[in-house]
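Read off the chains here:
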There are 2 protein chains.
Amino acid sequence: MAGAIDFYFEFSSPYGYIASHLADGLGERTGREVTWRPILLGPVFKTTGQAPLVDVPLKGEYSKRDFPRMARYHGVPYAQPAKFPIGTVAGVRAFYWLHDRDPQQAQAFAKVLYADYFAKGIDVSAPEAVLQAAKGAGADEAALASALQDPAVKDRARQEVEAAIAAGVFGSPYFIVDGEPFWGSDRMPMLEEWIRRGGW
Amino acid sequence: MAGAIDFYFEFSSPYGYIASHLADGLGERTGREVTWRPILLGPVFKTTGQAPLVDVPLKGEYSKRDFPRMARYHGVPYAQPAKFPIGTVAGVRAFYWLHDRDPQQAQAFAKVLYADYFAKGIDVSAPEAVLQAAKGAGADEAALASALQDPAVKDRARQEVEAAIAAGVFGSPYFIVDGEPFWGSDRMPMLEEWIRRGGW
């Protein structure tokens, strides 16, 4: 069976959010499973020496213009959150805890969390907001609330982020399929063509 | 008459080189003039605090893989130059000096210089290589050689780079059409659609 498409994303990343809206279609058209892998750009940027996009002079202004333009291009609802970027460690921990129990529910949770932040403007850095999103995806809120305090759950998330960095991930979204990396939502058509043509 | 597409690029930029191969087609399909504007990423990165792509951990490795992949995708001849990146101030000065005399010749020169560097592996940071490329484009080599020493010619190039930074340019290639900016060769299809649809 053909290998999955690893889909790395940060919950505070507008392009990751836009990619999350395109991920199901990508999986359907290519016949590949898409494995959702939330990461944290904080540790990634520590490794690469990069800064959050909006903090970079000139590039930051461009990004703020490009986020909604790219969203409109793909018909994705988008409202620039007032607090941006935010820390999303609670969301990442919740995702992997849910994933170990029910991968489909984890994916549903990711979609709710993204919509809460980028369409509804809810500050999803707060654990309460994460729990609310998990509830919206049908998860056991109370069990998750105590899991978020569990050192093993924290370790699980940290290991995923470290594994992503070891795999070369330096931004969001980032895709790896058949060992081939693609960075950015704007490279998704190229990724799809790569699969269709078997590379070039 | 519809406004021109400003095409900013750095002679040491692989994506700028690839975009230079796509620029004529872009102009033909959109019916817009494409104004070639070489810049220097050195002063740009000083403004933005960014580093050359290949010097960024992880991102650098990705780029080195992506340069030839992107070139093959577009059928553009590409051989990673041994010395990379290089300083291209002589090339930029030559371009604007030629441009003030014959814009078409300046564009022809830019194409020769890019091919010398990214297809033939010639180190075009050297003024001798720049003169050779200008000769290949039909320019007066001796007149250009003395122009390259002229403070006014140096100023002209510096002013172009400063104007680009003032216009928000932070990378290569970078396009501005009807006041709308697009960064990267991978955004050229979007730029084209933007013109066709009159924005969205």
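Everything quoted here is computed from the prediction, not taken from an experiment.

What counts, and at which threshold
- What you see as residue numbers is a count from 1 along each chain, following the sequence as written.
- Here the convention is simple: chains get letters from A, ligands get numbers from 1, in the order in which they are written.
- Totals for whole chains, interfaces and linings use every residue, but because this is a predicted model, local features are given only for residues with pLDDT of at least 70 and side-chain atom pairs only at 80 or more, for both listing and counting.
- Only heavy atoms go into the side-chain values, all of them from the structure, while hydrogens and water stay out.
- The secondary structure listing takes helices from DSSP runs of H or I that are at least 4 residues long and strands from runs of E that are at least 2 residues long, numbered from the N terminus.
- Radius of gyration here is computed from C-alpha atoms only, and the compact-globule reference equals 2.2 Å multiplied by the residue count raised to the power 0.38.
- Contacts are assigned to residue pairs that have any heavy atoms within 4.5 Å of one another.
- Methods summary: accessible areas were calculated by the Shrake-Rupley approach with a probe of 1.4 Å, and residue burial reflects only the protein chains presented.
- Counted charges follow a simple rule, with Lys and Arg positive, Asp and Glu negative, and His plus the chain ends left uncounted.
- Here the site of a charge means atom NZ of a Lys, CZ of an Arg, CG of an Asp or CD of a Glu.
- Relative accessibility thresholds used throughout: buried, under 20% of the residue-type maximum; exposed, over 50%; partly exposed, between the two (1.4 Å probe, protein chains only).
- By buried area we mean how much accessible surface two parts lose on assembly, using a 1.4 Å probe and totalling the loss over both.
- By definition here, a salt bridge exists when the distance from a side-chain nitrogen of Lys or Arg to a carboxyl oxygen of Asp or Glu is within 4 Å.
- Residue-level confidence of the predictor, termed pLDDT, takes values from 0 up to 100.
- We call a set of buried residues a nonpolar core when its members are Ala, Val, Leu, Ile, Met, Phe, Trp, Tyr or Cys and they connect through side-chain atoms within 4.5 Å of each other.
- In protein, a polar contact requires one atom able to donate a hydrogen and another able to accept it; more generally it is a pair of N or O atoms within 3.5 Å, and residues adjacent in sequence count only if both atoms are side-chain atoms.
- For two strands to count as paired, DSSP must find a minimum of two bridges between them.
- By definition, the crossover connecting two strands over a helix is right-handed if that path, from the first strand to the second, turns clockwise as seen with the strands pointing away from the viewer.
- What counts as a ring pair is set by centres within 6.5 Å for rings of Phe, Tyr and Trp (its six-membered ring), and what kind of pair is set by the plane angle: stacked under 30 degrees, edge-to-face over 60, tilted for all other angles.

## Concerning the overall build of chain A
Step number 1: Check the secondary structure of chain A and you find nine helices and four strands.
Step number 2: Reading the helices (α) and strands (β) of chain A from amino to carboxyl end gives β-α-β-α-α-α-α-α-α-α-β-β-α.
Step number 3: Against the globule reference of 16 Å for 200 residues, chain A gives a C-alpha radius of gyration of 16 Å, in line with a compact fold.
Step number 4: Structurally, chain A occupies a C-alpha span of about 50 × 45 × 35 Å along its principal axes.
Step number 5: Within chain A, contacts between residues separated by at least 24 positions form 71% of all contacts whose residues are at least 6 apart in sequence.
Step number 6: A total of about 8,400 Å² of accessible surface is found on chain A, and carbon and sulfur atoms cover 52% of it.
Step number 7: If you average the places of the 21 positive and of the 24 negative side-chain charges in chain A, the two averages end up 5 Å apart.

## Section: helix H6 (residues 127–136) of chain A
All names here are of chain A.
Step number 1: For H6, the full list of buried residues reads Ala-129, Val-130, Leu-131, Ala-133 and Ala-134.
Step number 2: Elements that come into contact with the buried residues of H6 comprise helix H4 (89–101), helix H5 (103–118) and helix H7 (141–147).
Step number 3: Residue Gly-138 follows H6 closely and has a positive phi angle near 90 degrees.

## Some details on the interface of chain A and chain B
Step number 1: Taken together, the 32 residues of chain A in the interface contact 32 residues of chain B.
Step number 2: When the two sides are added together, the surface that chain A and chain B hide from each other amounts to roughly 3,200 Å², 56% of it contributed by carbon and sulfur.
Step number 3: Its largest share of buried area at the contact with chain B, chain A owes to Leu58(A), Tyr62(A) and Tyr73(A), together 21% of the area lost on that side.
Step number 4: Linking chain A with chain B are eight salt bridges, by the criterion used here.

## Details of the confidence of the model for chain A
Step number 1: Looking at chain A as a whole, the pLDDT averages 97, with 100% of positions reaching at least 70.
Step number 2: Both scores are given for the predicted complex: the pTM is 0.96, the ipTM 0.94.

## Remarks on the nonpolar core
Step number 1: Counting 139 residues, the largest nonpolar core has Phe109(A), Phe175(A), Phe109(B) and Phe175(B) as the members making the most contacts within it.
Step number 2: Those residues in contact with Phe175(B) that lie beyond four places of it in its chain are Ile5(B), Asp6(B), Phe7(B), Ala19(B), Leu26(B), Glu180(B), Pro181(B), Phe182(B), Gly184(B), Met188(B) and Leu191(B).

## Details of the side chain of Arg187(A)
Step number 1: Within the fold, Arg187(A) resides in the loop between strand E4 (180–183) and helix H9 (188–197).
Step number 2: Taking relative accessible area as the criterion, Arg187(A) reaches 5% and is therefore assigned buried.
Step number 3: Engagement of the side chain of Arg187(A) in a polar contact is seen with the side chain of Asp186(B), the distance being 2.9 Å.
Step number 4: Not counting chain neighbours up to four residues away, the residues in contact with Arg187(A) comprise Phe182(A), Tyr15(B), Tyr62(B), Asp66(B), Arg69(B), Met70(B) and Asp186(B).

## Considerations on the pattern of salt bridges
Step number 1: This structure, assessed with the given rule, holds 36 salt bridges over all chains.
Step number 2: A salt bridge links Asp186(A) to Arg187(B); the nearest nitrogen and oxygen atoms lie 2.9 Å apart. Taken as a pair, Asp186(A) in the loop between E4 and H9 and Arg187(B) in the loop between strand E4 (180–183) and helix H9 (188–197) lie in two separate chains rather than in one.
Step number 3: Given the relative accessible area of 24%, Asp186(A) is considered partly exposed.
Step number 4: With a closest N to O distance of 2.2 Å, Asp155(B) and Arg158(B) form a salt bridge. Here Asp155(B) and its partner Arg158(B) are both found in helix H8 (residues 151–166), three residues apart, which amounts to about one turn of the helix.
Step number 5: Salt bridges sharing common partners tie together Arg65(A), Asp66(A), Arg69(A), Asp186(A), Glu180(B) and Arg187(B).

## Considerations on the pairing of strand E2 (residues 34–38) of chain B
When a strand is regular, its side chains alternate between the sheet's two faces.
Residue and element names in this part refer to chain B.
Step number 1: Summarising burial for E2: four of the five residues are buried, a large majority.
Step number 2: By the bridge criterion, five bridges tie strand E1 (residues 5–9) to E2 in an arrangement that is parallel. Considered in E2, the bridge of Phe-9 is made with Pro-38.
Step number 3: With helix H1 (residues 14–30) bridging E1 and the parallel E2, this β-α-β connection has right-handed handedness.

## Here we look at the packing of aromatic side chains
Step number 1: Applying the stated criterion to the full structure yields 52 aromatic pairs over all chains.
Step number 2: Arranged with centres 5.5 Å apart and planes meeting at 65 degrees, the rings of Tyr17(A) and Tyr114(A) form a pair that is edge-to-face. One end of the pair, Tyr17(A), is in helix H1 (residues 14–30); the other, Tyr114(A), is in helix H5, and 97 residues separate them in sequence. Here the two residues Tyr17(A) and Tyr114(A) agree in accessibility, since each one is buried.
Step number 3: Taking the centre distance of 6.0 Å and the plane angle of 45 degrees together, the rings of Tyr114(B) and Phe118(B) count as tilted. Note that Tyr114(B) and Phe118(B) are positioned in helix H5 (residues 103–118) at a spacing of four residues, about one turn of the helix. Of the two residues, Tyr114(B) and Phe118(B), both sit in the buried class.

## Some details on the pairing of strand E3 (residues 174–177) of chain A
Step number 1: Neither face of E3(A) is open: one carries Tyr174(A) and Ile176(A), the other Phe175(A) and Val177(A), and all of them are buried.
Step number 2: Taking the residues that link successive antiparallel strands as the turn, the E3(A)-E4(A) hairpin has two residues, and the phi of Asp178(A) there is positive, at about 50 degrees.

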